[in-house]
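Structure assessment
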Amino acid sequence: MNGALCSVMNLCVFLILSHHSVLMEQNEKKPQRKYCVEKPISICFQKFGRFVGTYPWWFFISPLLISAVLGTGFCLLEDREANDIEDQFTPVNGPAKQERRFVQQNFPQNDSLFSNQRLYTDGVYASFIAVTKSSNILTDAAFREIVILDRKVKELNVSTGHEVLTFEGLCARRYKKCIPNKILDIHKYYGENLEATELSFPFFRFGFSYIFLGYSVGGVNLNSSIIKSAKSVRLFYFLKEDNRTRTDLWLNEFLKVFPSNLSLNSIKVTHSTSLSRQVEFEANTKDVIPLFSITYVIAIAFSILSCLRFDCVRNKVWVATFGVFSAGLAVLSSFGMMLHIGVPFVMTVANSPFLILGIGVDDMFILISCWQQTNVHDRVETRLSNTYKEAAISITITTLTDVLAFYIGLMTPFRSVRSFCLYTSTSILFCYIYSITFFGAFLVLNGRRENSNKHWLTCKEVPEECAVGQSKWYELCCIGGAYDRHTGSEEVQPMNHFFKKYYGPFLTKSWTKVFVIVFYCIYLIVSIYGCFQIQEGIDLRNLAADDSYVVKYYDNEKAYFSEYGPNIMVVIRQEFPYWDEKYMSDLETCIEDFKNLSFIEKDIFTSWIKSYKYYGYHTKLNLSAEDVFKENLGTFLRFYSDFKQDVNFTNNSIHASRFFIQTVNISTALDEMNMLNKLRDTAQKCPVPLLVYHPAFIYHDQYAVIVTNTIQNIAVTTAVMLLISLLLIPNPLCSLWVTFSIASVIVGVTGFMALWDVNLDTISMIILVVCIGFSVDFSAHISYAFVSNKKPSANEKAVEALFNLGYPILQGAVSTILGVVVLSASKNYIFRTFFKIMFLVIFFGLFHGLTFIPVFLTFFDMCNGTPAENKSGPEEQAMKKSYTNNIAKDGDVKEREIYDNHTFQSDNHQTCPSQPCSDIWMIAGNNHSVQDNHVCLASTVPMFRVDGQTYEVHMYEPSDDVMLKVNCQSKQRVEGQNCVSGNSNHIQDSGLPTPNCSELTIL
């Protein structure tokens, strides 16, 4: 009897200490979390989870109906498509667009005197480049084939209604004649003797005029200024711009028939039109549709494989399938809503579904992981409420960061970026809503099936235990419902054990941490080096598919015709005294400054004022007098009609005028950026009010804003991410680590994308904004898990965080990469770039979340509370010490460390053979253990588990089967609780502190 009493009292002391430890942990958490909103949000989600669990069918069916209604917006897709390259991929209010308006207002085009040099647009044209198969294209054989092609182009016609559209009827004219290709006139004149003719380059005197060959003959080999050989000839066929509908029909016909059914022996031909870039860009959407179908299949397959269980009841196949389906519903609803509202659908938006699929599956894995940690014996609504309590903050942080990152992207001046951000942010919101409604409801429905122990496929009830003699296959297919008997939750998956038993302990070793720090320094050095190698701007050839005919044309153009770049107009944008020598001296100085630029050809300069002075000199005019200058200007412009388009001379005032300078060796995006910046800087420094313009500047304007805009977006987004982290992560210093992770991932992605030949353009700028959201995802999950768990040391916190969320994070990262990996096979630069940067974002984000951040957090105990045992009061420490010493003395048992998160293990031995006792009295006692005011004690030692290890609770065993009297008076008895009283003299004799058992309850 005394042995039994001693055992009970030892258990009483242990329970007091355990309960006190739990209370202390709760008290410790209060000051740590008082500055964040995490706890009330968790409570709200817990209540919402219970509500969803109570009425699952409402939350399952409603998203289906909403998606069906909003999905009708796809009927408007064709009307909402907005793929105009200039409108979508150039800054909305770029300087070049303002300059173009000024040029258009002051120098209107004269259709009767067409001059491609004076166009303020790209013009309307068809073109082909002939490249010789031998060493020289300036041969009679090559030109005979070129002439055949020329004739074929001019014979093209299109029937529309009762009208036939021909080149002759649509061509741009000069003096009532179609604009000729001068190189063909030269060949026609010299015929077979062309190869022997000394053609000077770039100007050739032909008749009474000089012809510029820089745009017509390419790949030249010169002896002095005489062409010895050339590799290529380019021809242009300009059309009038007054009726684009008619000209577009003819250009489309040109693309259909050219150069089909031609047998060319001496030359190879590539072709293009002013429409080609736009047509090929719009055709890219056809490339992405089959890729998305493949991605969806891959996502479902991976999700099912990740959620596959060798238990026919606990199998999560349907859960995984509906998780992916939930992401698909989010895309359907969000896109449909945006199309109903009227938001333009740009081709870049086609990247969004791949991204949303990854995000949705990531949230699914987090929810499944938390669901599996709940008690399988609880009601399903309780399980869902506990799931939301644990998971909702994590997925809320990631959703908020992703959505805000995209909404901040709306500040960019590129409409393609705005559309992408608007569609994607809305999709993420729907994905989040459907995850906590539609997917949560399905978790409940699936949980009900599991509670009934029904097969995942047949939905028929199956036994929990396998009968003797049955095969392994029978056990695998027809036996299910297993769970962890110690925790009551579903069995832990092997990958979670990997993070707990192998990866976590390995990562927290001292030498591993040193290696991680060294590796991180190498990563940072390489990333910073790559940042200095970044190239800016999008090459317009990349807007077409790799196998497009227009890409081949651009390649030949770059290879043979890059020596002479655009002919730049320099505009004097207000009234100016051209007759005043002092002011003209300033203008001449500015002109010399332009000519001295490294990319300007000094000898190619077109100026009406220079020709007018030459005219005045030969006609003995005193052009220094204002009245003489203005009186004779009209006569001069009538004689030299080309210059009439260069001077806005109205009401006897020169409101604006322009001259032209020739650029050379502009072949790369860097050359284009430097050219634009230096030209504008030179114009700004000039005391004369100047502007510079060329139609290509519309696209080059991206260089002026892309870097500053990217930095602005990243800075603002990072600040917002920090604010969210401070609000939702219960420790401000760990929030700073999240911000550090953002900066680190951005530097890494930017540096390595440069080393992977990805430019900083509108496409990559979008993904860099995405980068912020995804880098927060991984680090926020781990940081939140780190500061939320109850382990006493930083290393244990890191291991526990990896155990709880390491595998879901890995699953989410792999699913996102699988969501975009098919884009690597795309023929389009935009989709391949999206894959490259997303791969870098996910890879580096994953590496930070699973390696760098856990290690860095262990270095700083500020993210870690002081262990509970060190904060206990002196009375508790004395009691714990006395209890431990007494057990070590009497039982000669080695002292073991007792953790707070213990769970007791049932004893399988028969207890109390003389009485019908139901079970051993567990740590969580109940009234069923009390029979006739007696409590049955085990004759064996009960067990409990800590971190997967089994420990004994050492109690004094009774020598015989003993029934211990329980004295529970009415004032002490509480339903569901048991009171224990015993012989206090025995306790006092043992030297243990005497607990007041009249107040003791077993919880």
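Here, every reference points to the structure presented above.
To start, this report covers the structure provided alongside it.

Thresholds applied
Residues numbered from 1 in each chain as written. Predicted model: local features only at pLDDT ≥ 70, side-chain atom pairs only at ≥ 80, totals over all residues. Heavy atoms only, no water. Buried < 20%, exposed > 50% of the residue type's maximum accessible area, 1.4 Å probe, protein only. Helix = DSSP H or I, 4+ residues; strand = E, 2+ residues; numbered from the N terminus. Pairing = 2+ DSSP bridges. Contact = heavy atoms within 4.5 Å. Patch = residues over 30% accessible without salt bridge, like charges linked within 9 Å, V, L, I, M, F, W, Y side chains within 5 Å. Areas by Shrake-Rupley, 256 points an atom, 1.4 Å probe, with all protein chains shown as cover. Salt bridge = Lys/Arg side-chain N within 4 Å of Asp/Glu carboxyl O. Core = buried A, V, L, I, M, F, W, Y, C linked by side-chain atoms within 4.5 Å. Phe/Tyr/Trp six-rings, centres within 6.5 Å; stacked < 30°, edge-to-face > 60°. Axes fitted to C-alpha atoms, helices over the stretch in contact; angles between N-to-C directions. Lys, Arg positive; Asp, Glu negative; His and termini not counted. Charge placed at Lys NZ, Arg CZ, Asp CG, Glu CD. Parallel < 35°, antiparallel > 145°, perpendicular 65-115°, else oblique. Left-handed = near helix turned anticlockwise from the far one by under 90°. Nonpolar A, V, L, I, M, F, W, Y, C, P; charged D, E, K, R; others polar.

1. Digging into the pairing of strand 1 (residues 124-132)
Regular strands show a simple pattern: their side chains alternate between the two faces of the sheet. Taking burial as the measure, the 9 residues of strand 1 include 9 buried ones, the bulk of the element. Side chains Val-124, Ala-126, Phe-128, Ala-130 and Thr-132 project from strand 1 onto one buried face, and the interleaved Tyr-125, Ser-127, Ile-129 and Val-131 project onto a second face that is buried too. Taken together, the 7 bridges between strand 1 and strand 12 (residues 267-273) define a ladder with antiparallel strand orientation. Note on strand 12: the bridge partner recorded for Ala-126 is Thr-273.

2. Side note on the environment of Phe-629
Its place among the elements puts Phe-629 in helix 23 (residues 626-639). Sequence-wise, Phe-629 and Lys-613 are 16 residues apart; in three dimensions their C-alpha atoms are separated by 9.6 Å. The contacts of Phe-629, once residues within four sequence positions are left out, are Tyr-578, Trp-579, Trp-608, Ile-609, Tyr-612, Leu-623 and Ile-654.

3. What to know about unusual backbone geometry
Here Phe-201 and Pro-202 are connected by a cis peptide whose omega angle stands at 10°. Turning to its location among the elements, Pro-202 is positioned in the loop between helix 9 (182-190) and strand 6 (203-206). The phi dihedral of Asn-651 falls on the positive side, at around 55°, and the residue is not glycine. Assignment of secondary structure puts Asn-651 in the loop between strand 15 (647-650) and strand 16 (653-664). In this structure, Asp-757 is a non-glycine residue whose phi angle is positive, near 60°. Mapped onto the elements of the fold, Asp-757 is located in the loop between helix 28 (732-755) and helix 29 (762-788).

4. Section: a nonpolar patch on the surface
Taken together, the side chains of Val-37, Leu-723 and Leu-727 define a hydrophobic patch exposed on the protein surface, amounting to about 240 Å² of accessible area. With respect to the helices and strands, the residue Leu-723 is situated in helix 27 (residues 702-728).

5. Looking at the side chain of His-700
Its location among the elements puts His-700 in helix 26 (residues 697-700). Excluding anything up to four places from it in sequence, His-700 contacts Glu-672, Met-675 and Leu-676.

6. Brief notes about the nonpolar core
Core analysis: the biggest nonpolar cluster contains 175 residues, and Tyr-578, Leu-587, Phe-594, Trp-608, Phe-629, Leu-679 and Leu-690 have the highest contact counts within it. Considering each element in turn, this core owes the most residues, 18 residues, to helix 31 (residues 829-859). Setting aside anything within four residues of it in sequence, one finds Leu-587 in contact with Ile-572, Phe-576, Phe-659, Val-688 and Leu-690.

7. Comments concerning the packing of aromatic side chains
Counting across every chain of the model gives 79 aromatic pairs. Geometrically, the ring pair formed by Phe-322 and Phe-438 is tilted, given 6.2 Å between the ring centres and 40° between the ring planes. Within this pair, whereas Phe-322 is found in helix 13 (residues 317-341), its partner Phe-438 is found in helix 16 (residues 415-451), the two being separated by 116 residues in sequence. Plain terms: the ring middles of Phe-847 and Phe-852 are 5.2 Å apart, the flat faces sit at 70° to each other, and that makes the pair edge-to-face. With relative accessibility at 1%, the residue Phe-852 sits in the buried group.

8. What to know about the sheet that holds strand 11 (residues 232-239)
Taken in spatial order, the 4 strands line up as 8-11-1-12 in an open sheet, and their pairing is antiparallel. Edge positions in the sheet fall to strand 8 (217-218) and strand 12, since each of these pairs with one other strand and no more. Across 8 bridges, strand 1 lies against strand 11 in antiparallel orientation. Directly across from Ser-127, in strand 11, lies its bridge partner Phe-236. The sheet strands contacting helix 10 (residues 244-257) are strand 1, strand 11 and strand 12, and the helix crosses strand 1 at an angle near 20°.

9. Topic: the environment of Ile-341
Position of Ile-341 among the secondary structure elements: in helix 13. Each C-alpha atom of the pair Ile-341 and Arg-80 lies 10.0 Å from the other, and the pair is 261 residues apart in sequence.

10. Description of the environment of Phe-778
Structurally, Phe-778 can be placed in helix 29. A residue is classified by how much of its surface remains accessible, and Phe-778, at 3% relative accessible area, is buried. C-alpha separation for the pair Phe-778 and Val-738, spaced 40 residues apart in sequence, amounts to 9.0 Å.

11. So, the pattern of salt bridges
Counted under the stated rule, the structure contains 22 salt bridges. Arg-144 serves as the salt-bridge partner of Asp-140, at 2.2 Å between the closest nitrogen and oxygen. Here Arg-144 and Asp-140 lie together in helix 7 (residues 140-154), a separation of 4 residues that amounts to about one turn. The partner of Glu-450 in a salt bridge is Arg-449, and the shortest N-O contact between them spans 3.9 Å.

12. Here's the deal with a negative patch on the surface
Taken together, Glu-78, Asp-79, Glu-81, Asp-84 and Glu-282 make up a surface patch of like negative charges. A relative accessible area of 68% means that Glu-78 is categorised as exposed.

13. A few points about the packing of helix 12 (residues 285-307) against helix 30 (residues 794-821)
Running from amino to carboxyl end, helix 12 crosses helix 30 at an angle of 160°, the nearest separation of the two axes being 9 Å. Taken together, the axes of helix 12 and helix 30 are roughly antiparallel relative to one another. The chirality of how helix 12 crosses helix 30 is right-handed. Residues Thr-295, Ile-298, Phe-302 and Ser-306 of helix 12 pack against Tyr-807, Gln-811, Val-814, Ser-815, Leu-818 and Gly-819 of helix 30. When grouped by side-chain class, the residues that make up the contact of helix 12 with helix 30 number 5 nonpolar, 5 polar and no charged.

14. Side note on the pairing of strand 15
With 4 bridges connecting them, strand 15 and strand 16 associate as antiparallel partners. Looking at strand 16, one finds that Phe-649 is bridged to Ile-654. Hairpin remark: strand 15 followed by strand 16, antiparallel, with 2 residues in the connecting loop; positive phi at Asn-651, about 55°.

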